Amino acid sequence: MNLRFLSLASGSSGNCYYLGNDEYGILIDAGIGIRTIKKHLKEHNIPFENIVGLCITHDHADHIKAVGHLGEKHGIPVYTTPEIHEGMKHSYCMTERLSPERTRFIRKEETFSVGDFTITCFEVPHDGTDNVGYRITAGDKTFSFLTDIGHITPTASRFIQQADYLILDAAHAGALCQTAEIDGDCRGNDHNKSGISHVVENPALFRFGEPLGGIFCLFHMKYSFVFYSWR
């Protein structure tokens, strides 16, 4: 199975990630405008119509801006917990409200499927109304997405250990690198104006030592998007 991962946007101004195969894909968060989503997908020859699902990690503004539009106007199923949906109802930043009818409610550590993607959400530490990460398996590859995570909990560690490919959206990258004992270059600089305490200077792939042996991508930085593909 051919898989492609694209960071459409990462940082306090908006977060949105794509994971797909040759036929369709899903988005993780939609904190940027719909036109920007379409633009970045088109730049990588991914038809917008190929999006078959949207998974939400939490209800902060930079993760949910286009959620209502994608669900209501384009009929894309939105997967989220009841608590996150309730938080989105009270958010000022969503361009359109998301009705329960367009929502597929999920529970932590319960598994569901979107096409060939097998997905499990799990608790991550953050300060949204509710906060989840996602383990997504497609074929023989497993991805773990953890957003805005500042430290590693036992639950987060368990899902990190299961990943072949780990995507961390880290609002506190320096502390996280120390906690996770990541084998890589995590140089950062203080930057508190947008609530980010550390900004990674160089976007790069980091390789874990044993026992993971997988690939680690660190986001929530000043760079707009990163693109990787696997065969």
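Thresholds applied
Residues numbered from 1 in each chain as written. Predicted model: local features only at pLDDT ≥ 70, side-chain atom pairs only at ≥ 80, totals over all residues. Heavy atoms only, no water. Buried < 20%, exposed > 50% of the residue type's maximum accessible area, 1.4 Å probe, protein only. Helix = DSSP H or I, 4+ residues; strand = E, 2+ residues; numbered from the N terminus. Arc of directions from axis to C-beta. Contact = heavy atoms within 4.5 Å. Pairing = 2+ DSSP bridges. Salt bridge = Lys/Arg side-chain N within 4 Å of Asp/Glu carboxyl O.

Asks: What is the right way to look at helix H1 (residues 34-43) in this model?
Replies: Helical geometry: 3.6 residues make up each α-helical turn, so side chains three or four residues apart lie on a common side. Of the residues making up H1, those classed as buried are Ile34, Ile37, His40 and Leu41. Buried residues of H1 fall within an arc of 135 degrees about the axis and therefore sit on the same side. Of the exposed residues in H1, the ones pointing more than 90 degrees away from its buried face are Arg35 and Lys42. On the buried face of H1, the contacting elements are strand S1 (3-9), strand S2 (16-20), strand S3 (25-28), strand S4 (51-55) and helix H3 (67-72). Just past H1, the residue asparagine 45 takes up positive phi, approximately 55 degrees.

Asks: Teacher, can you tell me more about helix H5 (residues 154-161) here?
Replies: Of all the residues in H5, the buried ones are Ala156, Phe159 and Ile160. For H5, the angular spread of the buried residues around the axis is 105 degrees, confining them to a single face. Residues of H5 that are buried make contact with strand S8 (117-123), strand S9 (132-138), strand S10 (141-147) and strand S11 (165-169).

Asks: Looking at this structure, how should I read the pairing of S1?
Replies: The side chains of a regular strand alternate between both faces of the sheet. In terms of residue burial, S1 counts as a mostly covered element, since six of its seven residues are buried. In this sheet, S2 lies alongside S1 in antiparallel orientation, the contact comprising five bridges. Bridged to serine 7 within S2 is tyrosine 17. Hairpin connection, S1 to S2: the antiparallel pair is bridged by six residues, and glycine 11 has positive phi, about 135 degrees.

Asks: I keep staring at the pattern of salt bridges and nothing clicks. Help me out?
Replies: Between side chains of opposite charge, a pair can form when the charged atoms approach closely. All chains considered together, the criterion is met by seven salt bridges. Of the charged contacts in the structure, one is a salt bridge between glutamate 43 and lysine 39, with a shortest N-O distance of 2.8 Å. One end of the pair is glutamate 43 and the other is lysine 39, both in helix H1 and four residues apart, which spans about a single turn. Classification of lysine 39 as partly exposed rests on a relative accessible area of 46%. The partner of aspartate 140 in a salt bridge is lysine 141, and the shortest N-O contact between them spans 3.4 Å. Exposure remark for aspartate 140: the relative accessible area of 64% places this residue in the exposed category. The buried category is assigned to lysine 141, whose relative accessible area is 11%. Several salt bridges share partner residues, and in doing so they unite Lys108, Glu123 and Asp130 into one network.

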